[in-house]
2 protein chains.
Amino acid sequence: MRNIAIIDIGSNSIKLVLAEIKKNNSFRIIDELKETVRLGEGMEKDNKLQEGRIKVAIQTLKMFKNLCDATETKEIIAVATAAVRKADNQEEFLNRVKKEVELDVQVLSGEEEGYYDYWGVVNSIDRDNGLIMDIGGGSIELIWMKDRRIKECISLSFGSLDLTQQFNLYDSITSEQEEQLLNFLTKSFNEVNWLKDIDCDSLIGVGGTIRNIAKIDQRNNDYPLDLLHYYQMNEATVDSIYKLVKDKDLKERKKISGLSKKRADIFIGAAAAVTTLMSFCNLEELLISGKGIREGLIYNYLYEDKEPTSNVLDFSINNIINNLNLNKKHAEHIYKLSKKLYQELNPLFKLDENQFEGDVDKILKTATMLHDIGKSINYYDHHEHSFYMILNSGINGLSHRELLISAYISASHRHDKYDLRKYNLNRSQFSDVIDKKGDDKEIIRKFGILVEIAESLDRNLNALIEDIDCYLENDKFVIKTISKEDVELEINDALSASKGFEKLYDKELQIL
Amino acid sequence: MRNIAIIDIGSNSIKLVLAEIKKNNSFRIIDELKETVRLGEGMEKDNKLQEGRIKVAIQTLKMFKNLCDATETKEIIAVATAAVRKADNQEEFLNRVKKEVELDVQVLSGEEEGYYDYWGVVNSIDRDNGLIMDIGGGSIELIWMKDRRIKECISLSFGSLDLTQQFNLYDSITSEQEEQLLNFLTKSFNEVNWLKDIDCDSLIGVGGTIRNIAKIDQRNNDYPLDLLHYYQMNEATVDSIYKLVKDKDLKERKKISGLSKKRADIFIGAAAAVTTLMSFCNLEELLISGKGIREGLIYNYLYEDKEPTSNVLDFSINNIINNLNLNKKHAEHIYKLSKKLYQELNPLFKLDENQFEGDVDKILKTATMLHDIGKSINYYDHHEHSFYMILNSGINGLSHRELLISAYISASHRHDKYDLRKYNLNRSQFSDVIDKKGDDKEIIRKFGILVEIAESLDRNLNALIEDIDCYLENDKFVIKTISKEDVELEINDALSASKGFEKLYDKELQIL
């Protein structure tokens, strides 16, 4: 177990991420610090980092270094992006940081920045194709991901700070200013010749500004989940949020729920860039990636072969299992048994008929592999804590809807089940995400009881029941246990689900 | 790190508790199994454990043993209570268990059982005095705890199973049956001469039956917290629950929300015992202890000096910090700084005027020592996860109200605070526990902002600001930081709380 620190010196803010690395390349973020230093501010004058900004940057880096010392973090990867990249006094800055903070900073080229953005995205979002956009203070990276590889990548030399300065967007803007801004953006995108060839549907957005667009939308809709990564918005919504902000002056913008006060003054240009790009490339969806350059640097550090993970969800689940020291053997057994049960009962789920949205295998895998995750909080009522933790552990590779359904199924793994009405989690709170058609609840219950049965069959965590055969037979569903030992108690325990099973499947449950 | 298993062979059920023991005597429960074996059933015939029951018991113990093997648990402490204690064929049973399961079982005397109950209670409930009552299937233990020591202890030779058999209470009961039952109970209590001398106010209830009384009450009232340990009920409520159950037949009883179906047939006699004892000893309050003999055995195993813990809350907080590997140094620093701030601002809290119920130091200690506990779930939004985890981690030594207030304060430790309205956690959900008088919210906010300021002052987790001096001066509250280094960034960060501070305290915040 050791720590690494990523320090990201941007034009707008300087950030520190501290990660703990465990065996098998698993990791978790243990701390994060951010200072809005605005290192790129004032550079338009002489293309130099300004002395006042440099001083704050060095002060900030000292504080970060201090945190690294306090947490015995010896490996520090420090990178600088657009502001330092563009500055004429880059060398002076780097020397001062080296001397005063004892820190070596690597200046990333625009393409390298794009590469790490891509690394953050491809290892945390389960999509094969998309246009990745990272809006920073001093640059915009565009990466066309095709079949999980970089097809094209460019770094535009303006970011939210530049747009704000160039078109004077700090406070309210006139329609003339807006026109100039939009023309500039369209012209810039036009100059990227491959943008015309984009054939995917999604813009995958990275960076604080884009996360802010999502936050505003979530607040607008009282979105019930506290998750930004993997949040989905359509083009019209993104455009409406741009329109909402550009018609307000700074004071009014600061009152917009979800918009960071520290970002309100540099937000308009960036929001315009997103909506303009979506319309320019005909992209239907904005998918938020909470992971970007910093996570990309971590993944890049971890994966020696520099190949993106072959399965985002599997990596994420394994990561959590390792971090929390969960019983993987038992988890895998519950997954195997539940899946067998589901495969035989599949016709009774009527998923097609109910137009069920979501990847069933991903859902079942998440629900079963992490069904005991709640034990990390407290053994007692751990099914309820599993519900909370599945929702909040930052699992990658699932849509919010899939995640929520997994959490509900997982919470049903004990006889003392999670009441769907509990804490109003049912209709009122999550109605945006599940139950739109009213059938999700039944499907959750149908899956839940299978996991409950599987859990009974592996009560002693030891795969005493090695496997099962099962089949539908007239009015019965028969489970034949395969074991070398006497498993009467396991079977009896599993049979306490029979009443519920019969209700849900209209079949008698028989376990032999 | 090693595991120990506690196996508790009772008259009604057999239970296994698996605990993981870490350095510094910290531990956590990692698994639990329970089978309702009813080993004591049928004993009234010939005072022998019945063959059918013995078989199920041995089968159960084999399964438990299997779980111990699967989890590499080498130390197993197996004890048997009333049924085995009383049985004429005790030796035969013990020999068979030894031969067939390879398990040595220690038969506890009634006094030993009472001792371990007391150990479970005294180390998990922060009370000096109380009458502890443990109702088992085959015995009732009464322990008078005075100044945290056992003053008197007795084991009555009847339990819920015996009462049910002797007075035929399985289904509905007549008023004649009830009279006989109550007379028997009063006579039995009368024979315990020291019960007349009891001078405490609380009955501290241990065991499944008493927990069931609490569960029924919680369901009746839609109690918003999922906590039984430390749940408080008054005598009239306990009596009303007894009246509710005794007027129903078995079928109707099984429908009572909160009452375990597996316990519904043996519940009346036990409920009568509780209410009769409370009235007999003039006890005003029933305080539920979720910890009893099994936890007592664990504590007894851990504490070599056999002295009860001197501070239940401290032990519990340390236990959690060790289990989750939290940063104790930083946590203690936040506690220290917050406490200093509170001590100076104390007059402005108007706690007396608001008739604030609760131990302020306990609350502040819990909120600060565990403010980062949510990082175990996810660094992002960890203040929200801290809220959840403080409520659900099984912290001992606080009332539910104190616990909830601690959770809210802890959730306020970051600038991006926990919205009190979030998830309806505000009035609607927790109105039974806080906000009865409407002032709790303001007090929570007042504490919360102090923890937020302390957190800013120790941003780099390294106690760079070693200490503070603070004082009220006219319209100002001045904090003087004591540090050898430049702490401008820490001060600036702390000052971002000034607006909120001024609103709450009507004082300008100055930090030097």
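Rules used throughout
- Residues numbered from 1 in each chain as written.
- Chains lettered and ligands numbered in written order.
- Predicted model: local features only at pLDDT ≥ 70, side-chain atom pairs only at ≥ 80, totals over all residues.
- Heavy atoms only, no water.
- UniProt positions renumbered as here; feature names shortened; annotations may be inferred.
- Patch = residues over 30% accessible without salt bridge, like charges linked within 9 Å, V, L, I, M, F, W, Y side chains within 5 Å.
- Areas by Shrake-Rupley, 256 points an atom, 1.4 Å probe, with all protein chains shown as cover.
- Salt bridge = Lys/Arg side-chain N within 4 Å of Asp/Glu carboxyl O.
- Lys, Arg positive; Asp, Glu negative; His and termini not counted.
- Charge placed at Lys NZ, Arg CZ, Asp CG, Glu CD.
- Helix = DSSP H or I, 4+ residues; strand = E, 2+ residues; numbered from the N terminus.
- Axes fitted to C-alpha atoms, helices over the stretch in contact; angles between N-to-C directions.
- Parallel < 35°, antiparallel > 145°, perpendicular 65-115°, else oblique.
- Contact = heavy atoms within 4.5 Å.
- Nonpolar A, V, L, I, M, F, W, Y, C, P; charged D, E, K, R; others polar.
- Core = buried A, V, L, I, M, F, W, Y, C linked by side-chain atoms within 4.5 Å.
- Buried < 20%, exposed > 50% of the residue type's maximum accessible area, 1.4 Å probe, protein only.
- Least-squares fit on C-alpha atoms with pLDDT ≥ 70 in both.
- Domains from an automatic or database assignment.
- Buried area = accessible area lost by both parts, 1.4 Å probe.
- Pairing = 2+ DSSP bridges.
- Polar contact = N/O pair within 3.5 Å; in protein donor to acceptor, adjacent residues only side chain to side chain.
- Phe/Tyr/Trp six-rings, centres within 6.5 Å; stacked < 30°, edge-to-face > 60°.
- Lys NZ or Arg CZ within 6 Å of the ring centre and 35° of its normal.
- Left-handed = near helix turned anticlockwise from the far one by under 90°.

Looking at an unreviewed UniProt entry, one finds chain A named Exopolyphosphatase and attributed to Orenia metallireducens. The record in UniProt for chain A states the following under Sequence similarities (unreviewed entry): "Belongs to the GppA/Ppx family."

Enquirer: Help me understand a negative patch on the surface, please; the structure alone is not making it clear to me.
Expert: A grouping of Asp475, Glu502, Asp506 and Glu508 of chain A is seen on the molecular surface, where their side chains present a negatively charged patch. Structurally, Glu502 of chain A can be placed in helix H21 (residues 498–505).

Enquirer: Before we go on, may I ask you to explain the packing of helix H13 (residues 312–324) of chain B against helix H15 (residues 360–369) of chain B in this structure?
Expert: Angle between the axes and distance between the axes are the two parameters that describe a pair of packed helices. All names here are of chain B. In the contact formed by H13 and H15, the axes pass within 11 Å of each other and the chain directions differ by 5°. Regarding the angle of H13 to H15, the classification is roughly parallel. Between H13 and H15, the contacting residues are Leu313, Asp314, Ile317 and Ile321 on the first element and Lys362, Lys365, Thr366 and Met369 on the second. The residue makeup of the contact of H13 with H15, split by class, is four nonpolar, one polar and three charged.

Enquirer: What is the right way to read the nonpolar core from this model?
Expert: The nonpolar side chains of a soluble globular protein tend to be buried with one another. Ranked by size, the top nonpolar core spans 226 residues in total, and within it Leu131 of chain A together with Leu131 and Met133 of chain B carry the most contacts. Ranked by residue count, the leading element in this core is helix H11 (residues 267–281) of chain B, at 10 residues.

Enquirer: Would you explain the relation of the copies chain B and chain A in this entry?
Expert: Take chain B, turn it by 180°, move it 0.0 Å along the axis, and it overlays chain A with an RMSD of 0.0 Å. What the rotation and shift describe, once combined, is the action of a two-fold rotation axis.

Enquirer: Sorry, what's going on with the domain arrangement of chain A here?
Expert: Accessible area lost on assembly of the parts is the figure often given for the size of an interface. Residues and elements named next belong to chain A. Segmenting chain A into domains produces domain 1 (2–107), domain 2 (111–291) and domain 3 (312–511). The gap between the C-alpha centroids of domain 1 and domain 3 is 44 Å. Listed by partner, the interface residues are seven residues for domain 1 and four residues for domain 3. Interface area for domain 1 against domain 3, summed over the two sides, is near 500 Å², with a carbon-plus-sulfur share of 40%. When residues of domain 1 are sorted by the area they lose upon contact with domain 3, Lys22, Ser26 and Phe27 head the list and together hold 61% of the total.

Enquirer: Is there a simple way to think about the sheet that holds strand S2 (residues 14–21) of chain B in this case?
Expert: Sheets are built from strands that pair by backbone hydrogen bonding, the pairs being arranged parallel or antiparallel. Residue and element names in this part refer to chain B. Strands sit in the order S3-S2-S1-S4-S5 across an open sheet of five strands; the sheet is mixed. For this open sheet the edge positions go to strand S3 (27–35) and strand S5 (105–107), each flanked by a neighbour on one side alone. Averaged over all adjacent pairs, the angle separating strand axes in this sheet is 20°, with direction ignored. With three bridges joining them, strand S4 (residues 75–80) and S5 adopt parallel strand pairing. Across the sheet, Val79 pairs through a bridge with Gln106, a residue of S5. The strands touched by helix H12 (residues 293–302) are strand S1 (2–9), S2, S3 and S4; relative to S1, the strand with the most contacts, the crossing angle is about 140°.

Enquirer: How should I be thinking about the pattern of salt bridges in this particular structure?
Expert: If charged atoms from side chains of opposite charge come close, those side chains can pair. Residues and elements named next belong to chain A. In this structure the tally under the stated criterion is 64 salt bridges over all chains. Residues Asp8 and Arg294 are paired through a salt bridge, measuring 2.7 Å at the closest nitrogen-oxygen approach. With Asp8 in strand S1 (residues 2–9) and Arg294 in helix H12 (residues 293–302), this residue pair connects regions lying 286 residues apart in the sequence. Glu191 is the salt-bridge partner of Lys187, the closest N and O atoms lying 3.6 Å from each other. Three or more residues joined by partner-sharing salt bridges are found here, namely Glu51, Glu92, Arg96 and Glu100.

Enquirer: What is the right way to look at the environment of Lys336 of chain B in this model?
Expert: Residue and element names in this part refer to chain B. For Lys336, the position within the fold is in helix H14 (residues 328–349). Between the C-alpha atom of Lys336 and that of Ala454, which follows or precedes it by 118 residues, the distance is 8.8 Å. The contacts of Lys336, once residues within four sequence positions are left out, are Glu466 and Asp467. A polar contact of 3.1 Å, which involves the side chain of Lys336, links it to the backbone oxygen of Glu466.

Enquirer: Sorry, what's going on with the packing of aromatic side chains here?
Expert: Two aromatic rings, taken as a pair, are described by how far apart their centres are and by the angle between their planes. Counted according to the given criterion, the structure contains 43 aromatic pairs over all chains. Consider the rings of Tyr115 of chain A and Tyr118 of chain A, whose centres lie 6.3 Å apart with planes at 45°: the pair is tilted. Highlighted residues: Tyr115 of chain A and Tyr118 of chain A, both in helix H5 (residues 110–122), separated by three residues, approximately one helical turn. Owing to a relative accessible area of 26%, Tyr115 of chain A belongs among the partly exposed residues under this scheme. Here Tyr342 of chain B and Phe447 of chain B contribute two aromatic rings whose centre-to-centre distance is 5.0 Å and whose plane-to-plane angle is 40°, an arrangement assigned as tilted. Of this pair, Tyr342 of chain B sits in helix H14 while Phe447 of chain B sits in helix H19 (residues 440–457), and the two are 105 residues apart along the sequence. For the pair shown, Tyr342 of chain B and Phe447 of chain B are each scored as buried. Among the aromatic residues, those joined into a ring-pair cluster are Phe27, Tyr115, Tyr116, Tyr118, Trp119, Tyr299, Tyr303 and Phe315 of chain A. Just above the ring of Phe349 of chain B sits the side chain of Lys446 of chain B; from NZ or CZ to the centre is 6.0 Å.

Enquirer: What am I meant to see in unusual backbone geometry here?
Expert: Residues apart from glycine generally show negative phi values, whereas peptide bonds are mostly found in trans. In this structure, Asp147 of chain A takes a positive phi of about 50° despite not being glycine. Relative to the helices and strands, Asp147 of chain A is located in the loop between strand S7 (140–146) and strand S8 (149–156).

Enquirer: Sorry if this is basic, but what is going on with the side chain of Lys362 of chain B here?
Expert: Residues and elements named next belong to chain B. Inspection of the secondary structure puts Lys362 in helix H15. Taking the relative accessible area as the measure of exposure, Lys362 reaches 15% and is therefore buried. In terms of polar contacts, Lys362 uses its side chain to reach the side chain of Asp126, at 2.6 Å. Excluding residues that lie within four positions of it along the chain, Lys362 makes contacts with Asp126, Leu313, Gly397, Leu398 and Glu402.

Enquirer: Where do I start with the packing of helix H19 (residues 440–457) of chain A against helix H20 (residues 488–495) of chain A in this structure?
Expert: Residues and elements named next belong to chain A. Two elements in contact, H19 and H20, have axes whose closest approach is 8 Å; the angle formed by their N-to-C orientations is 160°. One way to sum up the angle between H19 and H20 is to call them roughly antiparallel. The crossing of H19 and H20 is right-handed. Here Ile453, Ser456 and Leu457 of H19 come into contact with H20, specifically with Glu490, Asp493 and Ala494. For the contact of H19 with H20, a count of residues per class yields three nonpolar, one polar and two charged.

Enquirer: Before we go on, may I ask you to explain the pairing of strand S3 (residues 27–35) of chain A in this structure?
Expert: Along any regular strand the residues' side chains alternate between the sheet's two faces. All names here are of chain A. In this sheet, S3 lies alongside strand S2 (residues 14–21) in antiparallel orientation, the contact comprising eight bridges. Bridged to Ile14 within S3 is Glu35. The hairpin turn running from S2 into S3, its antiparallel successor, is five residues long, and Asn24 in that turn takes a positive phi close to 55°.

Enquirer: What is the right way to look at helix H16 (residues 382–392) of chain B in this model?
Expert: Because the α-helix completes a turn every 3.6 residues, residues three or four places apart line up on one side. All names here are of chain B. With 11 of 11 residues buried, H16 is to be regarded as a mostly interior element. All of the buried residues in H16 are His382, His383, Glu384, His385, Ser386, Phe387, Tyr388, Met389, Ile390, Leu391 and Asn392. A positive phi of about 70° marks Gly394, the residue just after H16.

Enquirer: What is the right way to read the sheet that holds strand S14 (residues 508–511) of chain B from this model?
Expert: Residues and elements named next belong to chain B. Spatially, the three strands line up as an open sheet ordered S12-S13-S14, and their pairing is mixed. Of all the strands in the sheet, the pair left with one neighbour each is strand S12 (467–473) and S14. Going across the sheet, the axis of each strand differs from the next one's by a mean of 15°, ignoring polarity. Pairing of S12 with strand S13 (residues 476–482) involves seven bridges; the strand directions are antiparallel. Across the sheet, Asp469 pairs through a bridge with Lys480, a residue of S13. Set on the sheet, H19 makes contact with S12, S13 and S14; between it and S13 the angle comes to about 30°. Its contacts with the sheet put helix H20 (residues 488–495) on S13 and S14, and the angle it makes with S14 is roughly 170°.

Enquirer: I tried to follow the environment of Ala273 of chain A on my own but got confused; where do I start?
Expert: All names here are of chain A. Mapped onto the secondary structure, Ala273 falls in helix H11 (residues 267–280). The class of Ala273 is buried, set by a relative accessible area of 0%. Measuring from C-alpha to C-alpha, the distance between Ala273 and Asn462 comes to 56 Å, with 189 residues separating the pair along the chain. When sequence neighbours within four positions are dropped, the list of residues in contact with Ala273 reads Met133, Ile135, Ile140, Leu185 and Phe189.

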